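Next come the chains, spelled out residue by residue.
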Amino acid sequence: TAAGDSIAVPVDRIDDPAALPDLAGKDVGLVIQDGTPRLGLLADTPRDIVYGGPPRALVPVLAAARTVFHPACKDLFLADACWAGLQVASCFDLGLAAYLLDPEEREYGFAHLLRRHEGEVPSRGEALGLVALDLGLALAKRVADAGLSELMHDLEMPLIPVLARMEQRGIGIDREAFAGFLREVTIEIDRLTKVIYTHAGGPFNIRSSQQLGELLFNTLKLKPAGKTPGGAASTSQEVLEKLAGQHQVIDEILEFRKLEKLRST
């Protein structure tokens, strides 16, 4: 069947873990919808299974699978401690794979991935477990073709449970040291603010692109190095870095922005 074609898929509900099919050595799609696991299988007949039993009983069944394709494995590990029993070596994170293939994207959620790859995989309607499997197999091939399989499986995937544990436990910080650093940053921001004001001939909103552009391109007569989509002279980080060295205030503004980002963080 051609990718993008609509394919009717039987959806089964299974509440008893003993009634689940044998998943040993098979590829499985896994999606958690409203707290309920959905499994997708490509056997003799594609199946989508709504599993109503306890997740803890599902984990050892899934652990026997060859690969479990899930949209966001870290979210899975954070949702319930029982999922830690799923070996990360047999998991494939769809969002992570999409990130490795295109790290410039801003969104790697399941819904976004489905829209982005519409037409590459069969349309399965509400059979979300099977949709995850179809998409996972397609992404796995692209990852392999791009020579990224080793990076994904040997480095990126093993980090996922580590990151999940870090989020669960949190990290300790030295509040006094952070407060001292904040004071230092604030003092330097205040100093730079006064210096930048001298170039402008008075106070203005340094964080305002329009007012900053007025200083740079009207008051100081610097030549714009880029434009916004609306046609105005841009004051983006990239543009200011191109202007660095043309006037002392450019370096001061860049330093101001760096410190302001530290302060707000």
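Look above for the structure.
What this report covers is the structure whose coordinates are included nearby. (Residues numbered from 1 in each chain as written. Predicted model: local features only at pLDDT ≥ 70, side-chain atom pairs only at ≥ 80, totals over all residues. Heavy atoms only, no water.)

This next bit is on the side chain of Asp134. Among the structural elements, Asp134 can be located in helix α5 (residues 128–145). Residue classification places Asp134 among the buried positions, given a relative accessible area of 8%. When residues no more than four places from it in sequence are discounted, the contact partners of Asp134 are Leu42, Val121, Pro122 and Arg124. (Helix = DSSP H or I, 4+ residues; strand = E, 2+ residues; numbered from the N terminus. Buried < 20%, exposed > 50% of the residue type's maximum accessible area, 1.4 Å probe, protein only. Contact = heavy atoms within 4.5 Å.)

Another point: the pattern of salt bridges. Counting across every chain of the model gives 12 salt bridges. A salt bridge links Arg66 to Asp27, with the nearest nitrogen and oxygen atoms 2.7 Å apart. With Arg66 in the loop between α1 (55–63) and β5 (67–70) and Asp27 in strand β2 (residues 27–33), this pair connects stretches of sequence that are 39 residues apart. Residue Glu120 is joined to Arg142 by a salt bridge in which the shortest nitrogen-to-oxygen separation is 4.0 Å. Here Arg142 lies in helix α5 and Glu120 lies in the loop between α4 (110–116) and α5, a separation of 22 residues in the sequence. A relative accessible area of 36% places Arg142 in the partly exposed class. One salt-bridge network, held together by shared partners, links Arg207, Glu260 and Arg263. (Salt bridge = Lys/Arg side-chain N within 4 Å of Asp/Glu carboxyl O.)

Before going further, it helps to examine the pairing of strand β3 (residues 36–42). Most of β3 sits inside the fold, with five of its seven residues counted as buried. Looking at chain direction, β2 and β3 are connected through six bridges and run antiparallel. Looking at β3, one finds that Ile32 is bridged to Pro37. Linking β2 back to β3 in an antiparallel pair, the connection comprises two residues, with Asp34 at a positive phi of about 55°. (Pairing = 2+ DSSP bridges.)

With that settled, consider the state of the cysteines. Overall, the coordinates contain zero disulfides when judged by the stated rule. Left unpaired, Cys73 is separated from the closest cysteine sulfur, that of Cys91, by 4.7 Å. Residue classification places Cys73 among the buried residues on the basis of a relative accessible area of 0%. Residue Cys91 is classed as buried on the basis of its relative accessible area, which comes to 2%. (Disulfide = S-S within 2.5 Å.)

Okay, α1 next. Within α1 the residues assigned to the buried category are Leu58, Val59 and Leu62. Buried positions in α1, seen along its axis, are confined to an arc of 115° and lie on one side of it. Every exposed residue of α1 that faces more than 90 degrees away from the buried side is listed here: Arg56 and Pro60. On its buried face, α1 is in contact with β2, β3, β4 (46–51) and β5. (Arc of directions from axis to C-beta.)

Read these as geometric descriptors, not functional statements.
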